[in-house]
Every structure is written in C-alpha cells, then in structure tokens.
Amino acid sequence: MLTSAQQAEYQRDGFLVVPDFKGGAEIAALRARAERIVSQFDASASRAIFTTREQEKKTDDYFLASDNTIRCFFEEEAFGPDGLLKRDKALSINKIGHAMHDLDPVFRAFSSDPRLAAVARELGLAQAQVWQSMYIFKQPGIGGEVRWHQDATYFETTPISVTTFWFALEDATRDNGCLWAEPGGHRGPLRERFVRHGGQVRIDRLDTTPWPDDSTAVALEVKAGSLVCFHGLLPHYSAPNRSAVSRHAYTLHATDAGTAYSPHNWIQRDAAFPVRGFI
Ligand code: FE2
C-alpha cells in the first residue's frame, strides 16, 4: 500500500497523511450510521461529557463501562447553566466510543479493510490488534479541545507499539480544529500513563519533558477521505472548534500482538470478546 518514501516519512516524522484513502460512499455510510446511533441515544439517560481536562476526576463509571460497548458522550459546553442542552442533541455529542468496530456492522465494515491491514504491517505492526474505535464530532461552535497527549498513555505495550489510524470524514482545517502534531516528537519519552484499577483511574506522570508549542507543532490540515497514521509516542493536540462547521473524524487504535499489553490499560478483552485485527 505504502511506498518506501511514505514509510520513511512515517519513521522520520512519526506521522503520515494518506490522501483519498476512503471514498465518499464509505464515509457517507459511516456518517449516517453515527447519526442513527445518536438519534437512538436517550439524552436523558446520561449527562456524561467527554473532556481531557482533569481526566482523573471526570472519568466516571459511564465512561469506564464504554470500553467494550457503544456509548455517546456530550461536549463539555453542550449544557447551559440550567443543566439543559443548549441545542439539538445531534449537535451536542462530542463522541461515540469505544467498540463500534466490533459491535456495529457499518463501523465494522469500515474498519475491516485489507488495505488497512497492509498499512499497519508496513508501519511496523506485525499482527495488529484493534482495541478501540471513536467517532469524533468536533461540533461547530462548541467542539472541545483535546489537550496535548500521546496515545501510548492510554494503550501501553512493551515495547510501545500503539498506532493510531485517524480518518478525516470532513475536511479538517485550522478553523474547525484539525490535529496538530510535533514532527519527530515520537522520539521523545512517554510523559503520562493512564492506569485503571477496577473502577478507578489515575494518570501517572512519568516524564517532565514539556509539550510542544506553536514553534515546533504543525497543523495537519487534511481533506475528507484522508487517513492520518501516527505513532503512539507522537505528541498531538486539537484546538476547540469555534467555527460554524463540524469536523467529523473516526479513529482506530491498534497495538502489535507480539508485544505485552499492559493489564492496567483501561480497555481489556477476554475470550468472550477477543481483540481482532483489521480483517
Ligand atoms: Fe490522541
């Protein structure tokens, strides 16, 4: 799938943009399915928001129980002071997570792609295992910031292998909150570890290396259909979306079966629901 130049670019920068990876029909099907999941979501059942600020304090049972199922999370700014949604539910959801790739037929079809399996192999995952899927809405006006982090914080293996597959379902621009990343930053240390013990989570600070800033970070502005692959140690971030347009994206996180998956990662599988690859 990838040329040797693309593979070298990934090794050098810690990320790679593959334009036109997914076609319009596949994207339309995924978007329609996400819309349906949200329309069927009972907004009165939960007021759970997703935020990357004070994540230890704000992670609740609703979040932890979404590890191997399908749940919707609100944008932090979705509610007014009266505790009610400020606008329509469909424009209030931050994300859907975290096992649609295995549990939902439309998401499964999108995620089970021999070309993805090939890309994963070419990026160094000898046998990919896909632990998590997220549909991210980045809603117009209120799309939440995702603070600087490394995805290996959430999916630790020894050695580190987690690789992110990020699909732009709409054009991602500086205006609507595209990804920002630090080229070459994947050669730095793992700064934090998100640890789960039963119903409790905590973030261990492992390294005090500062997060990047505007002087070294680059904006990953990509067209709908693009696939962005990035290394688990790559620092990345996305700004709030204050524009009038959404920035939908879909992500998959995979590790290599040949590495040791930490028993403290927040998502675990067992024989009843085994982790699978891209095909
Ligand atoms: Fe991330």
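Since we're looking at a predicted model, the values are computed, not measured.

### Description of the nonpolar core
Soluble globular proteins tend to pack their nonpolar side chains together in the buried interior. In terms of nonpolar packing, the biggest core is built from 60 residues, with I96, Y135, F165, F167, Y250 and F278 touching the most fellow members. In this structure, F278 is in contact with S111, S112, D113, L116, A117, A120, A128, V130, F165, L252 and A254, ignoring residues within four places of it in sequence. In this structure, L179, A217, A219 and A239 belong to the second largest nonpolar core, which totals 19 residues.

### Digging into the sheet that holds strand β8 (residues 179–181)
With antiparallel pairing, the four strands of this open sheet are ordered in space as β5-β13-β8-β11. The strands lining the two open edges of the sheet, one partner per strand, are β5 (146–149) and β11 (218–220). The sheet shows a mean angle of 25° between the axes of neighbouring strands, direction not considered. When β8 meets β11, the two strands line up antiparallel, connected through three bridges. Considered in β11, the bridge of A181 is made with V218.

### Considering the pattern of salt bridges
Applying the stated criterion across every chain, the model contains 16 salt bridges. The residue D102 makes a salt bridge to R269 at a minimum N-O spacing of 2.9 Å. Of this pair, D102 sits in helix α5 (residues 100–103) while R269 sits in the segment after β15 (260–261); the two residues are 167 residues apart in sequence, bridging distant segments of the chain. For the residue pair D102 and R269, the accessibility class agrees, reading buried in each case. The salt bridge partner of R174 is E221, with a shortest N-O separation of 2.6 Å. Of this pair, R174 sits in the loop between β7 (163–168) and β8 while E221 sits in the loop between β11 and β12 (227–231); the two residues are 47 residues apart in sequence, bridging distant segments of the chain. Looking at E221, the relative accessible area reads 41%, which means it is partly exposed.

### Structural notes on the sheet that holds β7
The seven strands lie next to each other as β1-β12-β7-β14-β4-β3-β2, forming an open sheet whose pairing is antiparallel. Strands at the two margins of the open sheet, each flanked by one partner only, are β1 (15–18) and β2 (70–74). Looking at each pair of strands side by side, their axes are set apart by 20° on average, direction ignored. Pairing of strand β3 (residues 93–98) with strand β4 (residues 128–136) involves four bridges; the strand directions are antiparallel. Within the sheet, the bridge partner assigned to H98 lies in β4 and is S133.

### Overview of the pairing of β7
The buried fraction of β7 amounts to six of the six residues, a majority that puts the element mostly inside the structure. Burial along β7 is two-sided: the face carrying T163, F165 and F167 and the face carrying T164, W166 and A168 are both buried. With five bridges joining them, β7 and β12 adopt antiparallel strand pairing. Among the inter-strand pairings, F165 is bridged to a residue of β12, identified as C229.

### Section: the side chain of E170
Among the structural elements, E170 can be located in the loop between β7 and β8. Of note is the side chain of E170, whose polar atom sits 3.3 Å from the side chain of R31. Residues in contact with E170, not counting those within four places in the same chain, are R31, V222, K223, A224, S246, R247 and H248.

Rules of the game
- For every chain, the first residue of the written sequence is number 1, and numbering continues from 1 onward in sequence order.
- The model is predicted, so local features are restricted to residues of pLDDT at least 70 and side-chain atom pairs to those at 80 or more, both for listing and for counting; the totals for chains, interfaces and linings are taken over all residues.
- Note: side-chain values were computed over all heavy atoms of the structure, leaving out hydrogens and water.
- The definition of a nonpolar core used throughout is a set of buried Ala, Val, Leu, Ile, Met, Phe, Trp, Tyr and Cys residues joined through side-chain atoms within 4.5 Å.
- Only protein chains enter the accessibility calculation, which uses a 1.4 Å probe; a residue is then buried when its area is under 20% of its type maximum, exposed when over 50%, and partly exposed in between.
- Contacts between residues were defined by any pair of non-hydrogen atoms, one from each residue, lying within 4.5 Å.
- For two strands to be treated as a pair, DSSP must find no fewer than two bridges joining them.
- Secondary structure elements are taken from DSSP: a helix is a run of H or I of four residues or more, a strand is a run of E of two residues or more, and numbering for both begins at the N terminus.
- What counts as an axis is a line fitted to C-alpha atoms, over the stretch in contact for a helix, and the angles between N-to-C directions run from 0 to 180 degrees.
- Any Lys or Arg side-chain nitrogen located within 4 Å of an Asp or Glu carboxyl oxygen qualifies as a salt bridge.
- N or O atoms within 3.5 Å of each other form a polar contact, as long as, within protein, one can give a hydrogen and the other can take it, and as long as residues adjacent in sequence are counted only when both atoms are side-chain atoms.

Take it as geometry only, folks, not as evidence of what the structure does.
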